[in-house]
Amino acid sequence: MPPIEARPEGRPVAVLFDVGNVIVRWDPRTLYSKIFPDPAECDWFLAEVATIAWHAETDRGLSFAENIALLSARHPKHATHISAWWDRWDEMFSGVISETEAAMHALAARGVPMHGLTNMSVEAWPGVRAMSTVFTHLQTVVVSGAEGLIKPDPAIYALTCERTGLAPHQILFIDDSAANIDAAAAMGFHVHHFTNPAALRPVLEAHGLL
C-alpha cells in the first residue's frame, strides 16, 4: 500500500474534502464533558456506551432515533444521556476550521473544482452544511448515510469518482482519518492526511492548486 503522502503520476485538478475535523471541528467529548464533569466518567461513557462504532451506524444510514433506541434498550440507565447524542448534536461542534475555510475560498477564487466525501447521517448533513458558506464551494457531496456506504470502503470512493466525473489520479483527497487516507491512496488518489490545519495551504501549493 502506498505511504500516506505518496503521489500518483501527474498533478490533481480537483480537491475532495472530508467534512468532520477537516472543515468543521466535531468531537462528542465537547458535549459529553458538560454532561459528565468527571473526566473518568466521560471517558467510560464514550468508550463503553456511546462509542464511535455505535455512532457509525447512523453514518451507514440508520436513523438517529433507531440507533438511540437500540442503545438505550441495552443501557436503560443512560437513556437520557444517549438521547443527548441527537438532542444536543450541535453542541459536539466547535466551529469551522479557519485555515480550511480560507484555503477553500482561495481555491474557489482560482476556479479549482471542490467536492465533498463525508461519513455522516443524512439527518445531520443539512445542519452541518449551514455552518458556513464555504460549503457552497463543494460542487458534489457524497454523504455516506444516503448511500449506505462508509469510508474506507473502496466502493464509496469509486462512487465519488463516478459522481464527480474524475479519475482518482485527478483528485487530491483530504481526510483526518489515516484509514480513509490509506484506502484512497491504494486506489490511486493523491492524498493528504489532515492533522495540522496550518499544513493545508502548503500542501495545496505543492500540488499546484494554489
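As the structure is a prediction and not an experimental result, all values here were calculated from the model. (Residues numbered from 1 in each chain as written. Predicted model: local features only at pLDDT ≥ 70, side-chain atom pairs only at ≥ 80, totals over all residues. Heavy atoms only, no water.)

**Re the pattern of salt bridges**
Put simply, the rule reads: In the sections that follow, a salt bridge refers to a side-chain nitrogen of Lys or Arg positioned within 4 Å of a carboxyl oxygen of Asp or Glu. Numbering of helices and strands runs from the N terminus; a helix is a DSSP stretch of H or I covering at least four residues, while a strand is a stretch of E covering at least two. Each residue is placed in one exposure class: buried if its accessible area under a 1.4 Å probe, protein chains only, is under 20% of its type's maximum, exposed if it is over 50%, and partly exposed if it falls in between.
Taken as a whole, this structure holds eight salt bridges when the rule is applied. With a shortest N-O distance of 2.7 Å, Lys-151 and Asp-175 are connected by a salt bridge. A residue pair is termed long-range when its members are at least 10 positions apart, and Lys-151 in the loop between α8 (144-147) and α9 (154-164) and Asp-175 in strand β6 (residues 171-175) qualify at 24 residues. Assessed through its relative accessible area of 0%, Asp-175 is described here as buried. Because the salt bridges share partners, they merge into one network encompassing Asp-18, Lys-151 and Asp-175.

**Quick notes on the nonpolar core**
For clarity, the cut-off: Working definition of a nonpolar core: buried Ala, Val, Leu, Ile, Met, Phe, Trp, Tyr and Cys residues. They are joined through side-chain atoms within 4.5 Å. For this analysis, residues touch if any pair of their heavy atoms sits within 4.5 Å.
Core analysis: the largest hydrophobic core is formed by 49 residues, its most contacted members being Phe-17, Ile-23, Tyr-32, Trp-85 and Leu-204. Among the elements that make up this core, the one with the highest residue count is helix α6 (residues 98-109) (four residues). When sequence neighbours within four positions are dropped, the list of residues in contact with Trp-85 reads Trp-26, Pro-28, Tyr-32, Leu-46, Ala-50, Trp-54, His-55, Phe-64 and Met-92. Core analysis: the second largest hydrophobic core is formed by 17 residues, Ala-14, Ile-156, Cys-161 and Leu-166 among them.

**Overview of the side chain of Ser-72**
Quick reminder of the rule: Residues adjacent in sequence count toward polar contacts only when both atoms are side-chain atoms; beyond that, a polar contact is any pair of N or O atoms within 3.5 Å, and within protein one must be able to donate a hydrogen and the other to accept it.
Turning to its location among the elements, Ser-72 is positioned in helix α4 (residues 64-74). The class for Ser-72 is buried, based on a relative accessible area of 13%. Among the polar contacts made by the side chain of Ser-72, one reaches the main-chain carbonyl oxygen of Ile-68 at a distance of 2.8 Å. Excluding anything up to four places from it in sequence, Ser-72 contacts Ala-79 and Ile-82.

**Observations regarding the sheet that holds β6**
Condition: When DSSP finds at least two bridges between two strands, those strands are taken to pair. Structural elements are reduced to axes, namely lines fitted to C-alpha atoms, with helices fitted over the stretch in contact, and the angle between N-to-C directions of any two is expressed from 0 to 180 degrees.
Across the sheet, five strands lie side by side as β5-β4-β1-β6-β7; this open sheet has parallel pairing. Looking at strand neighbours, the two that pair on one side only are β5 (138-143) and β7 (190-193), the edges of this open sheet. Between one strand axis and the next, the sheet turns through 20 degrees on average, direction left out of account. Where strand β4 (residues 114-118) and β5 come together, five bridges link them in parallel fashion. Paired with His-115 across the bridge in β5 is Thr-140. Along the sheet face, α6 touches β1 (14-17), β4 and β5 and points at about 150 degrees away from the line of β1.

**Description of the pairing of β1**
Along β1, one buried face is formed by Ala-14 and Leu-16 and the opposite face, lined by Val-15 and Phe-17, is buried too. Looking at chain direction, β1 and β4 are connected through three bridges and run parallel. Across the sheet, residue Phe-17 finds its bridge partner in β4, namely Gly-116.

**Let's talk about the packing of helix α1 (residues 28-35) against helix α2 (residues 39-48)**
Our working definition: Angular relationships are summarised with four words: roughly parallel below 35 degrees, roughly antiparallel beyond 145, roughly perpendicular across 65 to 115, and oblique for the angles in between. Crossings are assigned a handedness: left-handed for a near helix turned anticlockwise from the far helix by less than a right angle, right-handed for a clockwise turn. All amino acids are sorted into three groups, where Ala, Val, Leu, Ile, Met, Phe, Trp, Tyr, Cys and Pro are nonpolar, Asp, Glu, Lys and Arg are charged, and the leftover types, Gly among them, are polar.
α2 packs onto α1 with a crossing angle of 130 degrees between their chain directions and a minimal axis gap of 9 Å. The orientation of α1 with respect to α2, classified from their angle, is oblique. As for how α1 packs across α2, the hand of that crossing is right-handed. Contacts between α1 and α2 involve Pro-28, Arg-29, Tyr-32 and Ser-33 from the first element and Cys-42, Asp-43, Phe-45 and Leu-46 from the second. The residue inventory of the contact of α1 with α2, partitioned by class, reads five nonpolar, one polar and two charged.

**Some words on the environment of Pro-168**
Take Pro-168: it is sitting in the loop between α9 and β6. On the basis of relative accessibility, which here comes to 21%, the residue Pro-168 falls in the partly exposed class. Each C-alpha atom, one on Pro-168 and one on Tyr-157, is 8.5 Å from the other, the two residues being eleven residues apart in sequence. Apart from residues no more than four positions distant in its own chain, Pro-168 is found in contact with Cys-161, Met-187, Gly-188, Phe-189 and His-190.

On their own, these measurements won't tell you what the molecule is for.
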